[in-house]
Amino acid sequence: MLIKRPADIPPSEITPLQTWRARRRFLQQASAFAVGAGALAAPLPLRAQTREKLAGVRPSPFSIKEPQNTYEQITSYVNFYEFGTDKADPLRNSKAFKTRPWTVAVEGEVKKPRTFGIEDLLKLAPIEERIYRLRCVEAWSMVVPWAGYSLSELIKQVEPTGNAKFVEFHTLLDPQQMPGQKAAVLQWPYVEGLRLDEAMHPLTLLGLGLYGELLPNPNGAPVRLVVPWKYGFKSGKSIVRIRFVERMPTTAWVRSAPHEYGFYSNVNPKVDHPRWTQARERRIGEFFKRETLMFNGYAEQVASLYDGLDLRKFY
Ligand code: MTE
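Residues numbered from 1 in each chain as written. Predicted model: local features only at pLDDT ≥ 70, side-chain atom pairs only at ≥ 80, totals over all residues. Heavy atoms only, no water.

A. Representation of the site of the ligand within the structure. Around the ligand sit 17 residues in total, of which Tyr81, Glu82, Arg224, Ser235 and Lys237 are the nearest. The backbone of Ser235 places a nitrogen or oxygen atom 2.8 Å from a nitrogen atom of the ligand. Within the complex, 99% of the 530 Å² of free accessible area of the ligand lies under protein. Of the pockets mapped on this structure, the ligand occupies the largest cavity. Of the residues that constitute the shell around the ligand, the class distribution is eight nonpolar, six polar and three charged. (Near = heavy atom within 4 Å. Polar contact = N/O pair within 3.5 Å; in protein donor to acceptor, adjacent residues only side chain to side chain. Areas by Shrake-Rupley, 256 points an atom, 1.4 Å probe, with all protein chains shown as cover. 1 Å grid on protein atoms, 1.4 Å probe; cavity = no way out; pocket = protein on both sides within 12 Å on 5 of 7 lines; lining within 4 Å. Sits in = over half its atoms within 2 Å of the grid points. Nonpolar A, V, L, I, M, F, W, Y, C, P; charged D, E, K, R; others polar.)

As structure tokens, then:
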């Protein structure tokens, strides 16, 4: 996000899903052949993450009715700095990322601290498809069919104390698996945060899937946050720790550039980034820019959370 780059990939460079699937089948067959032919001579090629369907995903009244970006666009045009700063790096560099076993420690100002295994999280509440707008702070956007349930379902299990005012979300720290963490682009691990009432809002999603399948690695497998009315960087990926605290957390982006990134980071077309306008955005796959909507189009649901707050000061 600190790195200056062209706004997005031209649509002509985006491979249609069928072509991508055919190419992927070819690569799988080719790598199977390579294993058979050269197993003793060469190290095994990295295996692509296997895709797995999520059972019983229900539709959600929170879903929007706009054309969705393709699976290929969503997995290949990505920010996940733990796997590199180029948009295509996460897909390339996360193929061998291990997401089993996986646990999420929920701790801090709670009456019932608990460590959840990923299998517990997949069963904790009915999984819904949530088709949400995603607005990146870099002024591009997508429409993504996430799968998961409201984070409030998890929060209810641990019973926050009266001191819990904010929630921190910590991404895995593992430079061996996440080569981007060997570079000092950010202070690792990636930490994001929400106010407790934002975390409890039903739109705030504990993301476990995409397009009806388990989350792909570039998009934050096996468990991430999705906060659709905030810039994309608030939605931390590959979460291992959720911590309830009394004071506003210093998040990774606020620590790295406080004059550019604030704690709230609500999508707001009236408050520009110091280096570019936030009034418009380019939907990936479209040519013309569109107007950015207040709270990314979710004002009706969330504006009341900020009654009386100066959104220019608390950006
Ligand atoms: N989470 C971690 N751990 N590391 C990151 O670099 N990038 C953020 C967010 N979550 C990021 C992250 C940014 S800037 C965006 S726009 C979204 O992830 C993009 O990924 P998505 O399309 O899968 O939501």
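Right, picking up where we left off after that structure.
B. Inspection of the pattern of salt bridges at higher detail. Enumeration over the complete set of coordinates arrives at 18 salt bridges. Where Arg100 meets Glu119, a salt bridge forms, and the shortest distance between an N and an O atom there is 3.3 Å. With a gap of 19 residues between them, Arg100 in the loop between α3 (89-93) and β2 (103-108) and Glu119 in helix α4 (residues 118-123) connect regions that are remote in the sequence. Relative accessible area serves as the criterion here: at 45%, Glu119 is assigned to the partly exposed category. Connected via shared salt-bridge partners are Glu66, Arg133, Arg135, Glu281 and Arg283. (Salt bridge = Lys/Arg side-chain N within 4 Å of Asp/Glu carboxyl O. Helix = DSSP H or I, 4+ residues; strand = E, 2+ residues; numbered from the N terminus. Buried < 20%, exposed > 50% of the residue type's maximum accessible area, 1.4 Å probe, protein only.)

C. Spotlight on the sheet that holds β2. Within the open sheet, the five strands sit side by side as β3-β2-β11-β6-β7. Their pairing is mixed. For this open sheet the edge positions go to β3 (114-117) and β7 (191-195), each flanked by a neighbour on one side alone. The sheet shows a mean angle of 15° between the axes of neighbouring strands, direction not considered. Pairing of strand β6 (residues 166-171) with strand β11 (residues 239-245), which is carried by six bridges, proceeds in the antiparallel orientation. Pairing of Glu168 across the sheet is with Arg243, part of β11. (Pairing = 2+ DSSP bridges. Axes fitted to C-alpha atoms, helices over the stretch in contact; angles between N-to-C directions.)

D. Spotlight on the pairing of β7. Extensive coverage of β7 is indicated by the burial of five of its five residues. Of the two faces of β7, the one lined by Val191, Gly193 and Arg195 and the one lined by Glu192 and Leu194 are each fully buried. Sheet topology note: the β6/β7 ladder contains five bridges and is antiparallel. Following the sheet pairing, Glu168 is matched in β7 by Gly193.

E. Up close: the packing of aromatic side chains. Here the structure, examined in full by the defined rule, presents 16 aromatic pairs. Centre to centre, the rings of Phe233 and Tyr261 are 5.4 Å apart; their planes meet at 70°, and the pair counts as edge-to-face. Here Phe233, found in the loop between β10 (224-226) and β11, pairs with Tyr261, found in the loop between α7 (252-256) and β12 (280-283); they are 28 residues apart in sequence, far enough to count as distant. Take Phe233 and Tyr261: they sit in the same class, and that class is buried. On the numbers, 5.5 Å between centres and 15° between planes, the contact of Phe295 with Tyr306 is stacked. With a gap of 11 residues between them, Phe295 in the loop between β13 (290-291) and α8 (299-302) and Tyr306 in the segment after α8 connect regions that are remote in the sequence. The burial state of Phe295 is the same as that of Tyr306; both residues are buried. Feature note: the residues Phe166, Phe263, Tyr264, Phe295, Tyr306 and Phe314 constitute an aromatic cluster, connected by ring pairs. Here the guanidinium or amino end of Lys87 rests over the ring plane of Tyr77, the centre of that ring lying 5.7 Å away. (Phe/Tyr/Trp six-rings, centres within 6.5 Å; stacked < 30°, edge-to-face > 60°. Lys NZ or Arg CZ within 6 Å of the ring centre and 35° of its normal.)

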